[in-house]
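As a plain string of letters, each chain reads:
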Amino acid sequence: MTLFPETATLLIIDDTPSNLSVVVSLFEDRGYRVSIAQDGEEGMQRAQLLQPDLILLDVMMPGIDGFEACRRLKRQPGTSDIPVIFMTALASAEHKVKGFQAGAVDYVAKPLQIDEVMARVDTHLKLHAAQKKLAEHNEELERRVAERTAELAAREREFRTLAENAPDEIARHDRQCRYFYINPQHERTLGVLVDDIAGKTPAEVFPGDRKVLAYQAVMQRVIETGLPAEYEAILPGGGDGPHYHNIRLAAERGADGEITGVLAIGRDITAIKRAERELHLLNRALDNSFDATYLVDFDLRLRYVNEAAVRELGYSRQELQSMSLLDIDPNVTREMVQGLMQQTAAAGRFPGTVESQHRRKDGTTFPIEIGASTFIYEGESLFLTAVRNITERKEAEQRLHEKSEAIRAVVENSPDPIVRYDAQLRRVYVNPATQRLFGLPHERILGETQEAGSPLYGDIRPMLKQVFESGKECRTEQPFRKTDGQQGWGDLRLVPEFGPDGSVATVLLIGHDVTDRKRSEDALAAREREFRTLAEHIPDTIIRYDAQGRKIYVNTAVANFIGAEADSLIGRTPQETLPTRRADQADAYVANLRHTLDSGEPRETEVLLHHAKLGERVLNVKFVAERDESGEIVGALMVGRDITAMKAIESELMEREQRYREIFDNAVEGMYLLEVTENGRFRNIDVNPALAKSTGIPREAMIGQFVDDTVPGEAARQTVEKYRRCVVAGETITENIELDLPAGKRCYLSTITPIYFGGRIHRLIGISRDITDLKRVQRELEESRAQLRGLTARREETREEERKYIAREVHDELGQILTGLQLNVSVLTHKFAADSPPLREQLKETMMLTDKALGVARNVASALRPAALDMGIASALEWLAGRFGKNTGIQCEAHIEDMDIQIEESQAIALFRIVQESLTNVARHAKAGRVDILFGKAGDDYSLKVRDNGAGFDPRAKSKDSFGLVGMRERALLLGGEVIINSKPGGGTEIEVRIPAHNVSRIS
């Protein structure tokens, strides 16, 4: 049955169409439309009118012959593509060549063989239809290319319009980071023109700039990974300082998805940066104020509080900003404060200062002094208050009052002797303690001068005179005799008392019995020696300060740290000797020392100091108050420890944590961290946004929850089982899993790694890549490949059937005809050629041509379908090896492991064609002297090898002409097998085909 039973039209041009009546009838019976013309002119007219699908053209005709008619048909546009088959009795090679040169596609010899004519017509109709379809396909492709080109041009115009008018800086770079476009805004920013930098990289435009090199490195990373990135560039500005630019880098891709370059979009963020810096400076100033600062609106809500307010009240900043002034001040009302705000707004100033109270978070209250101002912001009245804690002032006032009231009682009841002297050095007052200490009556003491041998202390007249003359206090220690006769020691303070005229009117002697102190000084000296021994031999730095903050002792570690002699540091303040290059560090050190000296509270801080040999070091410094026997603060002890190494470790840990967060939160793949509880459950510690988006479960719903409580149904069971497999394995596992989630059915490639603590798995780290789309594409690709291979198999089966049919027809029918022709020539030679030498020569030549035609027919039949295939694959391979050696002169041998092997016909044909293609390649390209064909069993497969000793080649190098190798692989795949190519230049080539043996049957 023809491929075109309904549409094909044939035009037969022959001057004796009656000779073709049988052929015409057969064509019409098979569904062709047939038209006949009796000469060349009529044929060309009918061809123009009918536009037939194929023309059968006789060569010998009156008027113009077939060759000329064919040439004219090929010159006319309407008929140039119609295939032409010549019908001729002229069988010489010269006539055939002339016919093909005229434009014919084939020829058939007269008298016509019906089956041959039918086969050739069908074949060329199919070829013509395929060519027409190919031409239509090419036109469609050209149309699509033109449309795509126009679309790309339109998009390019749109991009240019957008880029040329955009306020941002836009640049495009190729894969080598070279500029090939910048918009006008970018030209103005860089101060260059696109023509000046086109074809150059940023590093070439700005050579030697490290920041440009860093920017180009980020661009190269975008090209390599395809992931977008951001970069902040600092460019020199005019007189207003540097300009900051935020640059967004994104990969550009071609139609095939490959990265072709980088698109850079920059924006000037200088104004934002400066505003942020000014806001930070303002907040820093307010937070470092000693007074609490509040910003209050008309409804008395606290809109802003500084750090001092947080410290004073004990609330967090967030808590205070959700409260009102009424929550912290029990003494005010809404009406009172709003009235003050209105009064301040009307007068332009706050009416002095106001005293009130504030209540802390713990419920305690403290007195305050308030100063305020009001202003209008965006139409809203705001009240800015400065609040000072006056607790210490109030307490001081109270203490002064109490001291004034109690001073007489203190003097009268003081255990220490107190004596007042006038200008004549006479005693004008003594307190009761003086009488008790010396055992003398009141009248024995008053009115007497202080002379040598006085019952009160020794001779102190020179010191009394010095105080009267200088007006300065004097202090001394004097021995005395107690009432029991024992010697004691008194610490005497001679204090001047001034009259209204400013001169010294009297001197007050205040004595203190220090006998017990004198006795304990020896013990204290011993303890001091012990302290110094310890302090000199520990690595920590130790300094003792007096009450005025001066050094009274430094250990060896301090001297080594500063790089100075210890004696040169004694008596000096921290401001004079503290080894630091930063004023804020010195201020913090002095402030903490001063706090301890003033309050007695220990303070601990960290300071950055400069070591004489090691450079910048971080010290942990602790101040502890030192007190005398009475509890008074007499100084402070500083102990410092070098924690530089520890701080470096802390900094590295913080940096690693930051890098972890950046990677975790911005990863494309889903990432999660699980806690493995002791009862074997799994709790989500952290989940990144990518996993939440992929699963359709919000992060807040997963973090802190057990997995089987957050993942629904069967998906929870599958997920928990996967985690348990990792715990049981005790090592990283990677597997595919398909889950039914709120986001739909998703496929993941999951990698889970256990983390051990104390010999037990406490946590799991997981990375899940969503491969749902990839799986779908793979399935579609496999289905497409399966369909393609099925079509290929069907095509090969059809081709082999056609070859088999044609080979049988050539071998049987044509062979019989030629054999009969030989018999007839033999009979003619025997009957008529004995007496006619010319006839005998003609018949002899005819016999030779017949023999030759018979040989050609047999060769064609063998090439189409070797008869050896009917005897099994082993025989076919031996036949093929022998024929190849005979035709090429190359030594070729077949080595068959088992001659009794029989396989299915389709398998045998596929293997035979692979060997045939391999031998063709050897003959064309290998330049080999020997070829071996090996066929046998290899494990569970059968192996067929074609090995040569030729020039070899590199199998990894792709060639556009390697369709033969592709065909071999496809034939092997159709058998469920594979083709393995082993070759290298100069080392010969081996092509091995392996097919499964389970489809192969053995005949014993």
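Residues numbered from 1 in each chain as written. Predicted model: local features only at pLDDT ≥ 70, side-chain atom pairs only at ≥ 80, totals over all residues. Heavy atoms only, no water.

Visitor: Teacher, can you tell me more about the overall build of the protein here?
Guide: Of the regular secondary structure elements, the protein holds 31 helices and 37 strands. Looking at the 1004 residues of the protein, the share that counts as buried comes to 37%. Here the protein displays about 58,500 Å² of accessible surface, and carbon together with sulfur accounts for 52% of that area. (Helix = DSSP H or I, 4+ residues; strand = E, 2+ residues; numbered from the N terminus. Buried < 20%, exposed > 50% of the residue type's maximum accessible area, 1.4 Å probe, protein only. Areas by Shrake-Rupley, 256 points an atom, 1.4 Å probe, with all protein chains shown as cover.)

Visitor: Explanation requested: the pairing of strand 30 (residues 760–770) in the structure shown.
Guide: The side chains of a regular strand alternate between both faces of the sheet. As judged from the 6 bridges shared by strand 26 (residues 670–676) and strand 30, these two strands associate in the antiparallel manner. Bridge pairing in strand 30 links leucine 674 to leucine 764. Pairing between strand 29 (residues 744–757) and strand 30: 10 bridges, direction antiparallel. Residue serine 750 lies in a different strand from strand 30, and its bridge partner there is serine 768. The loop that links strand 29 with its antiparallel partner strand 30 comprises 2 residues; one of these, glycine 758, has a positive phi angle of about 60 degrees. (Pairing = 2+ DSSP bridges.)

Visitor: Can you walk me through unusual backbone geometry in this structure?
Guide: Trans peptide bonds make up the majority, and among non-glycine residues the majority have a negative phi. Look at cysteine 177: it is not a glycine, yet its phi comes out positive at around 70 degrees. By the element assignment, cysteine 177 lies in the loop between strand 6 (169–174) and strand 7 (179–182). Residue cysteine 177 is classed as buried on the basis of its relative accessible area, which comes to 1%. For leucine 425, which is not glycine, the phi torsion reads 65 degrees and is therefore positive. As for its placement among the helices and strands, leucine 425 is situated in the loop between strand 16 (418–421) and strand 17 (427–430).

Visitor: How should I be thinking about the environment of lysine 200 in this particular structure?
Guide: By the secondary structure assignment, lysine 200 is in the loop between helix 7 (194–197) and helix 8 (202–205). C-alpha of lysine 200 to C-alpha of phenylalanine 180: the two residues are 20 residues apart in sequence and 8.2 Å apart in space. In contact with lysine 200, other than residues within four places in its own chain, are Cys177, Arg178, Tyr179 and Val205. (Contact = heavy atoms within 4.5 Å.)

Visitor: Before we go on, may I ask you to explain the sheet that holds strand 33 (residues 930–938) in this structure?
Guide: To summarise the sheet geometry, strands pair through backbone hydrogen bonds and adopt either a parallel or an antiparallel arrangement. Read from one edge to the other, the open sheet built from 5 strands follows the order 31-33-34-36-35, with strand pairing classed as mixed. For this open sheet the edge positions go to strand 31 (891–896) and strand 35 (978–983), each flanked by a neighbour on one side alone. Neighbour to neighbour, the strand axes of the sheet diverge by 15 degrees on average, direction disregarded. Pairing analysis gives 6 bridges linking strand 31 to strand 33, with the strands arranged parallel. Residue pairing across strands places isoleucine 896 opposite phenylalanine 935, the latter belonging to strand 33. Along the sheet face, helix 30 (residues 905–926) touches strand 31, strand 33, strand 34 (941–948) and strand 36 (989–996) and points at about 15 degrees away from the line of strand 34. (Axes fitted to C-alpha atoms, helices over the stretch in contact; angles between N-to-C directions.)

Visitor: I'm lost on the side chain of aspartate 546 in this one. Help?
Guide: Tracing the backbone shows aspartate 546 in strand 21 (residues 541–546). Given a relative accessible area of 12%, aspartate 546 falls into the buried group. There is a polar contact of 2.8 Å between the side chain of aspartate 546 and the backbone nitrogen of arginine 550. For aspartate 546, the contacting residues outside a window of four places in its chain are Ile552, Leu597, Val634 and Gly635. (Polar contact = N/O pair within 3.5 Å; in protein donor to acceptor, adjacent residues only side chain to side chain.)

Visitor: So what exactly am I meant to see when it comes to the side chain of threonine 9 here?
Guide: Checked against the element boundaries, threonine 9 lands in strand 1 (residues 9–13). With a relative accessible area of 12%, threonine 9 lands in the buried category. Here arginine 33 takes part through its side chain, which lies 3.2 Å from a polar atom of the side chain of threonine 9. Threonine 9 has contacts with Arg33, Pro52, Asp53 and Leu54, leaving out every residue within four places of it along the chain.

Visitor: Help me understand helix 17 (residues 461–470) in this model?
Guide: Because an α-helix completes one turn every 3.6 residues, residues spaced three or four positions apart along the sequence face the same direction. Turning to helix 17, its buried residues number three or more, namely Met463, Leu464, Val467 and Phe468. Mapping the buried residues of helix 17 onto a view down its axis gives an arc of 140 degrees, with all of them on the same face. In helix 17, the exposed residues that point more than 90 degrees away from the buried face are Pro462 and Glu469. Looking one or two residues beyond helix 17, the residue adopting positive phi is glycine 471, at roughly 75 degrees. (Arc of directions from axis to C-beta.)

Visitor: Teacher, can you tell me more about the nonpolar core here?
Guide: Nonpolar side chains tend to gather and get buried jointly when the protein is soluble and globular. Counting residues in each nonpolar core, the largest one holds 38 residues, and the members touching the most others are Leu911, Val915, Leu919, Val931, Phe935, Leu944 and Val993. Those elements that provide at least two residues to this core are helix 29 (873–888), strand 31, helix 30, strand 33, strand 34, helix 31 (963–974), strand 35 and strand 36. Looking at this core element by element, the count peaks at 9 residues for helix 30. Excluding anything up to four places from it in sequence, valine 915 contacts Leu877, Leu880, Ile933, Leu944 and Val946. (Core = buried A, V, L, I, M, F, W, Y, C linked by side-chain atoms within 4.5 Å.)

Visitor: Please clarify how the environment of aspartate 513 should be interpreted in this entry.
Guide: Looking at where aspartate 513 falls in the secondary structure, it is placed in strand 20 (residues 504–513). The sequence separation of aspartate 513 and leucine 437 amounts to 76 residues, and the corresponding C-alpha distance is 9.3 Å. Dropping the residues within four chain positions of it, aspartate 513 is found in contact with Asp416, Phe480, Lys482 and Trp489.

Visitor: Just to check I follow, could you spell out the pattern of salt bridges for this structure?
Guide: A pair can form between side chains of opposite charge whenever their charged atoms are brought close. A full pass over the atoms with the stated rule returns 51 salt bridges. The salt bridge involving arginine 46 is made with glutamate 42; its shortest N-O contact spans 3.1 Å. In this pair, arginine 46 and glutamate 42 both sit in helix 2 (residues 40–50), 4 residues apart, roughly one turn of the helix. Residues participating in the shared-partner salt-bridge network are Glu41, Glu68, Arg71, Arg72 and Arg75. (Salt bridge = Lys/Arg side-chain N within 4 Å of Asp/Glu carboxyl O.)

Visitor: For this particular structure, what's the right way to read the sheet that holds strand 13 (residues 354–359)?
Guide: Strand order in the open sheet formed by 5 strands is 12-11-15-14-13, and the pairing between neighbours is antiparallel. With partners counted over all chains shown, the strands left at the sheet margins are strand 12 (302–305) and strand 13, one partner each. Between one strand axis and the next, the sheet turns by 35 degrees as a mean value, whatever way the strands run. Of the strand pairs in this sheet, strand 11 (residues 292–297) and strand 12 are connected by 3 bridges, and their pairing is antiparallel. Within strand 12, the residue paired with valine 296 across the bridge is leucine 302.

Visitor: Looking at this structure, I do not really get the packing of aromatic side chains. What am I missing?
Guide: To describe a pair of aromatic rings, you give the distance between the ring centres and the angle between the ring planes. Under the counting rule described, the total for this entry stands at 8 aromatic pairs. A network of ring pairs unites the aromatic residues Tyr672, Phe682 and Tyr723 as a single cluster. The ring centre of phenylalanine 706 lies 3.9 Å from the NZ or CZ of arginine 681, which sits over that ring. (Phe/Tyr/Trp six-rings, centres within 6.5 Å; stacked < 30°, edge-to-face > 60°. Lys NZ or Arg CZ within 6 Å of the ring centre and 35° of its normal.)

Visitor: Looking at this model, I keep getting lost on a nonpolar patch on the surface. Mind explaining?
Guide: Where nonpolar side chains cluster on the molecular surface, the patch consists of Phe375, Tyr377 and Leu384 and spans about 270 Å² of accessible area. Within the secondary structure, phenylalanine 375 sits in strand 14 (residues 365–377). (Patch = residues over 30% accessible without salt bridge, like charges linked within 9 Å, V, L, I, M, F, W, Y side chains within 5 Å.)

Visitor: In this structure, what is going on with the confidence of the model for the protein? I would like to understand it.
Guide: Caution applies to low-pLDDT regions: their predicted coordinates should not be interpreted in detail. Averaged over every residue, the pLDDT of the protein is 81; the share at 70 or more is 89%. Taken together, the stretch residues 1–5 has pLDDT below 50 and engages in 11 contacts with residues farther than four places along the chain or on a different chain. Scored below 50 in pLDDT, residues 1000–1004 shows 10 contacts in the model against residues more than four places distant or in partner chains. (pLDDT = per-residue confidence, 0-100.)

Visitor: How should the environment of glycine 615 be read in this particular structure?
Guide: Topologically, glycine 615 is positioned in strand 24 (residues 615–627). Residue glycine 615 is classed as buried on the basis of its relative accessible area, which comes to 15%. Counting along the chain gives 54 residues from glycine 615 to phenylalanine 561, while the straight-line C-alpha distance between them is 9.7 Å.

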